[in-house]
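Commentary on secondary and tertiary structure
These are the residues of each chain, in order.
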Amino acid sequence: MPHRTFFWFILPSALAMLVFIALPIVSIVVQSLYVEHDRVLVEVENCGPFGCSKEVRVDAAATAELQREEPLGRFNGLATYTNRNHLAFDEIGAAWANAPDIAEFAGEILSLPFYRALSFTLAYTAVVTPFVIVLGFLIALAVNMLPSLLKGPVIFVSLLPMIITPLIGSLVLFWMIDSNGVIGATIQALANDPALSLKASAPLTWITLFVYGIWHSTPFAFVVFYAGLQTVPKDTMESAMIDGASTFERVRFVTLPHLSPLLVFVGLIQLMDNFRVFEPIVGFNAEANATSLSWIIFNDLRGAGTPLFGSAAATSTLTLIGVSILLTPVLIRTWRDFTRKG
Amino acid sequence: MTIAWKTAITLGALGLSTGVASAACGIESGSVRVLSNDFPALHDVVEKAKECAGDGVTVTANQTAEHESLAVPALSANPAEYTSHFVANSSLQPLLSNDLIRPLNDYIETYGKNISERQKIKIGDDVMVIAFDANAQHLFFREDILKEAGIEPPKTYEDVLAAAKAIKDKSLMAYPLTGTYKAGWNLAEEFVNMYLGMGGEFFEPGSAKPAIDNEKGVAALEMMKSLSAYMNPDYLTFDSNSVQAELESGSAAIANFWGSRYGAVVDDEGSTPEIAGSIKVAAAPTVGGGTIPATTLWWDGYTVAKNISEADAKATFIALDHGASAEMANANPDAAVWLIDGYEPGPGAIGVLDSMNQGAKPYPMVPYMGLLHTALGAEIVDFMKGEEDAAKALADTEAAYSAAAREKGFL
C-alpha cells in the first residue's frame, strides 16, 4: 500500500486513539505531578443539635483565590510517587535498616498499601492467566468433539459466566460461600469444621478470588479457541492421521502451532484484564484480605469524601507501567515473528 | 339561584382552591430541586415538601446513594443543578470548602418560625444547615437471651464482653456479638466510636496533625479485638445489611448498631415475631471507665444552594421547611429520630435520645476527618487480623493519613 493511502486509511483510527487514549494518559501523568494547594484554615465556633465546639474550617474564599491563580495545584514532582501510600521509598529504606531478617523486612513491605495491593494483583495475574488459557483450550477441544446436536446448548451454558456482570457474579458467589450459603455450608460439612469460613482468612480469600477469576474468564478463552479450532486445516490433520499420530500428538503438533497466534492474543488480553482486577474485591467484600491496584485507585477517588486526584493518578500511571512491563515479553515475541515473516 | 350566582360561587370556589394550593406553603413561584441520599426518612421529608408543588412551583428530587459524588459539581454550576443538597455531618464539608451553600439566617427569620434552636447548624454566626433528624449507633440486644443467661442489659463495653461470655458459656449462641466491622469505612467508624468513648482527640488542637497514636487509641483497638473474639469469623466483611441479618436471624444477641435501622430490624419482614419482639434498644455502652457513650452522633439536614435565583432559594427553603415539619415527623415516627419540635418519639428512639442525653459526641466535622477515616479503615485491618500490634497499626494510620493530608494541602 502506498504511504499516502495508508496515511488516509489510518487517520480516523489514529485520531480516535489520540483523543481517547493518548490525551487521557498525558492528563493523568500531568495530574500525578501536582498536589492541592495549602488550605487556608480558620477556626470557628460550630453549633448544632449536639452542642457547640470550636472547629477548624477551610477558608473557602482564600483557598479559591489560590486555585484561581494556579488551577492545577502545587507542583510536587515525583513526591506523590515516592510517598508512603505509593512506592514508599523512605519507609522501605527504614525497614531495610531496621528489620532483623528478610522475613521481617518482607512483612514490613507487605503492610504498605501499594505493595500489599501489588502482591495480590501479581498473584492474581500469575495464577488466573495460565489457568484460563489451559482450561479454555481444553473446553474448546472437548466441545469441538461433541455431536453437533449438543454443541449449541453446551456452548451457551459454557458462556454464562462471561455473560453475567462481574459485580453481580461475584456477589452471587459471595452469598453462596457464606457459612449460611449453599457452598459455604457444604464445605463446612465436608471438612467437619463449623468455624471454617472462606471469607475470614487471607489465603482462603485469595483462593476464592482466583477461582472466581478463572470461572469468569475461561469462557472468553474458550470462545476464541473454539473459533480457532474451526480453521484447523483438514488436510494437514488427515495427513497426520495417516502418519499414525495419536490424538495427543495431533493436538500437540498440528492444532497448537496453528492456534499459537490466538494463544498469544488471549494471553495478552488476559494479562491486561487480570492486572486490573477490581470487581471481585468489591463484590466479595475482600478489602480486609486482598486489595488490588485498581481498588486503591477507586478508594482514593471514592473513599475519603473528597477525591485524591493526585494519588489516584499516580497509582494509575504505576499500573500503566506495570501492564507495559508484563506485556513486554509477549510484544517482543510478536515483533520478532513479524520481522521474521516480513 | 340565578345563573350569575352559580357562576360567582363556582368561580369563588375555584379561586379559593387554587388559593389554598399555593397558600399551603405560601410560595408564589420557583423551582425546588433536591439532591439527597436514599433512605426512608429523607423520602418522607421530600414527599411532604412535594405538597407545595402547584401553580408555578415545581418540586423535584434526585434521591441516590451517589449524592455525595454529584453534589460539588452539580452545585458549582451557575445556576446550580439542584437548589438543595441534604447533608450529614460528614458530607457538609465539601459544600462549605467550596462555598456552595448560602447562610439561612434571613430565611429563618422570615419563614422558619417553627425551627427550633437545636436544629440550626451554625458555622460562626451563619446558620448553614437545618438539621431534621439524628442518628447514632447504639445498643441492640435480645431481651430473652440476656434473661436466659441471667444478665442485665449491659451499660459498658466491659459488661458487653461479660454478657457475651455468659451467652457463649451457656451455649445459647456460638457468636453472641455482631457489629459493622467491614474493613474500610465501617471498621473505621467503630474505632471512631470507641476512641471517642475513651475520651480521645483525633487531632492536635487547631491543626491537622493526627494524634491517635496514644494509650487511648491502643485501648480502643484492644477493646475492638476482644469484642471480635465473640463475633462470626467473617466479621471483617460485615456491613449494616449483614448485621441486620445476623440480628433478625437470631444468630447474634448484642450489637452496637445504627438507630436508623431499628424500624427495619423489628418490622415483620426477615425475622420471626419471637426474635423481632424481643430485640430492645438502649444507649450505646461506655468504655474504659469513660462517662460518655462510645458512639458518634449524626444528623441529616437540608441546605440551600448559593448559585440559584432568589426566588428559587426562597421557594426551596419554604418547601423544605414544610417538608421537615412536626406533622411529617409524627406521621412517620419510626423512620428516624426527628429533631423537630413537637415530635413524639417512639420506642425505637430511646437508643439515640439516651446516647444524646448522656453526652455522646457528634462525628467530628473538621475538613480532614474523612482522610483520617479512610486511613483508619485500611490500616487497622492488620491489627484486627492479629498480624501486627495496636501501636504499629496506629502509627501506620498516622503515616497513611499524613501522606494523604499533605496531598490535600492540609499539612
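Predicted model, so just to flag it, every value in this text is computed and none were measured.

Focus on the overall build of chain B
- Within chain B one finds 18 helices and 11 strands.
- A compact globule built from 411 residues should have a C-alpha radius of gyration of about 22 Å, and chain B, at 24 Å, falls within 12% of that.
- Counting over 411 residues, chain B shows a buried share of 55%.
- Nonlocal contacts in chain B, meaning residues at least 24 apart in sequence, comprise 75% of its contacts between residues at least 6 apart.

Digging into unusual backbone geometry
- B:Asn78 connects to B:Pro79 through a cis peptide bond whose omega is 0 degrees.
- You can see B:Pro79 is positioned in the loop between helix H3 (67–76) and strand E3 (84–88).
- Look at A:Ala88: it is not a glycine, yet its phi comes out positive at around 55 degrees.
- Structurally, the position occupied by A:Ala88 is in the loop between helix H3 (79–82) and helix H4 (89–98).
- For A:Asn285, which is not glycine, the phi torsion reads 50 degrees and is therefore positive.

A short note on the interface of chain A and chain B
- Taken together, the 41 residues of chain A in the interface contact 51 residues of chain B.
- Those elements giving two or more residues to the side of chain A that touches chain B turn out to be strand E2 (41–48), strand E3 (51–58), helix H2 (60–69) and helix H15 (309–341) of chain A.
- At six residues, E2(A) tops the list of elements feeding residues into the side of chain A that touches chain B.
- The residue makeup of the side of chain A that touches chain B, split by class, is 16 nonpolar, 15 polar and 10 charged.

Comments concerning the domain arrangement of chain A
Residue and element names in this part refer to chain A.
- According to the domain assignment, chain A consists of domain 1 (62–111) and domain 2 (117–341).
- Distance between the C-alpha centres of domain 1 and domain 2: 32 Å.
- Split into classes, the residues belonging to the side of domain 1 that touches domain 2 amount to two nonpolar, three polar and no charged.

Considerations on helix H7 (residues 148–163) of chain A
- Taking 1.5 Å of rise per residue, the 16 residues of H7(A) would be expected to cover 22 Å, and the 23 Å separating its terminal C-alpha atoms lies within 8% of that figure.
- With zero of 16 residues buried, H7(A) is to be regarded as a mostly surface element.

A short note on the UniProt feature "transmembrane region" (unreviewed entry) in chain A
- The UniProt record marks residues 7–30, 122–143, 155–177, 206–229, 250–272 and 308–332 of chain A with the feature "transmembrane region" (unreviewed entry), using the residue numbering of this structure.
- The distance separating the terminal C-alpha atoms of residues 250–272 of chain A is 31 Å; by composition the span is 100% helix and 0% strand.

Quick word on the pairing of strand E1 (residues 30–36) of chain B
- Most of E1(B) is tucked away, with six of its seven residues classed as buried.
- As a crossover connection, the stretch from E1(B) through helix H2 (residues 40–49) of chain B into strand E2 (residues 57–63) of chain B is right-handed.

A short note on the nonpolar core
- Core analysis: the largest hydrophobic core is formed by 184 residues, its most contacted members being B:Phe191 and B:Ala319.
- Residues within four places of B:Ala319 in sequence aside, it is in contact with B:Cys25, B:Ile27, B:Val32, B:Ala49, B:Cys52 and B:Val59.

Some words on the domain arrangement of chain B
Residues and elements named next belong to chain B.
- We note that the domain assignment places domain 1 (27–134 + 299–353) and domain 2 (136–297 + 355–407) within chain B.
- A straight line from the C-alpha centre of domain 1 to that of domain 2 covers 29 Å.
- Listed by partner, the interface residues are 17 residues for domain 1 and 19 residues for domain 2.
- Put simply, the parts of the chain that give the side of domain 1 that touches domain 2 at least two residues each are helix H4 (92–97) and helix H15 (350–357).

Topic: the packing of H2(B) against helix H13 (residues 310–323) of chain B
All names here are of chain B.
- Two numbers describe how H2 lies on H13: the axes approach to 7 Å, and their chain directions differ by 120 degrees. The angle between the axes of H2 and H13 places the two elements in the oblique class. Between H2 and H13 lies a crossing whose hand is right-handed. Contacts between H2 and H13 involve Val45, Val46, Lys48 and Ala49 from the former and Ala319, Leu320, His322 and Gly323 from the latter.
- Residue classes in the contact of H2 with H13 are distributed as five nonpolar, two polar and one charged.

Thresholds applied
Every chain is numbered on its own, with residues counted from 1 as its sequence reads. Each chain takes a letter, starting from A, and each ligand takes a number, starting from 1, following the order in which they are written. Note on the predicted model: pLDDT of at least 70 is required for a residue's local features to be given, and 80 or more for side-chain atom pairs to be given and counted; whole-chain, interface and lining totals, by contrast, use all residues. Only DSSP runs of H or I reaching four residues or more are called helices, and only runs of E reaching two or more are called strands; each is numbered from the N terminus. Between the two quantities, the radius of gyration covers C-alpha atoms and the globule rule is 2.2 Å times the number of residues to the power 0.38. Partly exposed residues are those whose C-beta has more than 12 but fewer than 20 other C-beta atoms within 10 Å; with 20 or more the residue is buried, with 12 or fewer it is exposed, and the C-beta atoms are placed from the backbone. Throughout, a pair of residues is in contact if the C-beta atoms placed from their backbones lie within 7 Å. In the scheme used here, Gly and all other residues not listed as nonpolar or charged are polar, with Ala, Val, Leu, Ile, Met, Phe, Trp, Tyr, Cys and Pro taken as nonpolar and Asp, Glu, Lys and Arg as charged. Residue ranges assigned to each domain were obtained from an automatic or database domain assignment. Residue count minus one, scaled by 1.5 Å, sets the expected span of a helix. UniProt positions are given in the numbering used here, feature names are shortened, and annotations may be inferred rather than shown by experiment. Crossovers are marked right-handed if the path from the first strand over the helix to the second runs clockwise, as seen with the strands pointing away from the viewer. Here, a nonpolar core denotes buried Ala, Val, Leu, Ile, Met, Phe, Trp, Tyr and Cys residues that are linked to one another through C-beta atoms within 7 Å. A fitted line through C-alpha atoms represents every axis, and for helices the fit uses only the stretch in contact; the resulting angles, taken between N-to-C directions, go from 0 to 180 degrees. For classification, angles of less than 35 degrees are called roughly parallel, those exceeding 145 degrees roughly antiparallel, those between 65 and 115 degrees roughly perpendicular, and all remaining angles oblique. Take the far helix as the reference: if the near one is turned anticlockwise from it by less than a right angle, the crossing is left-handed, and if turned clockwise, right-handed.

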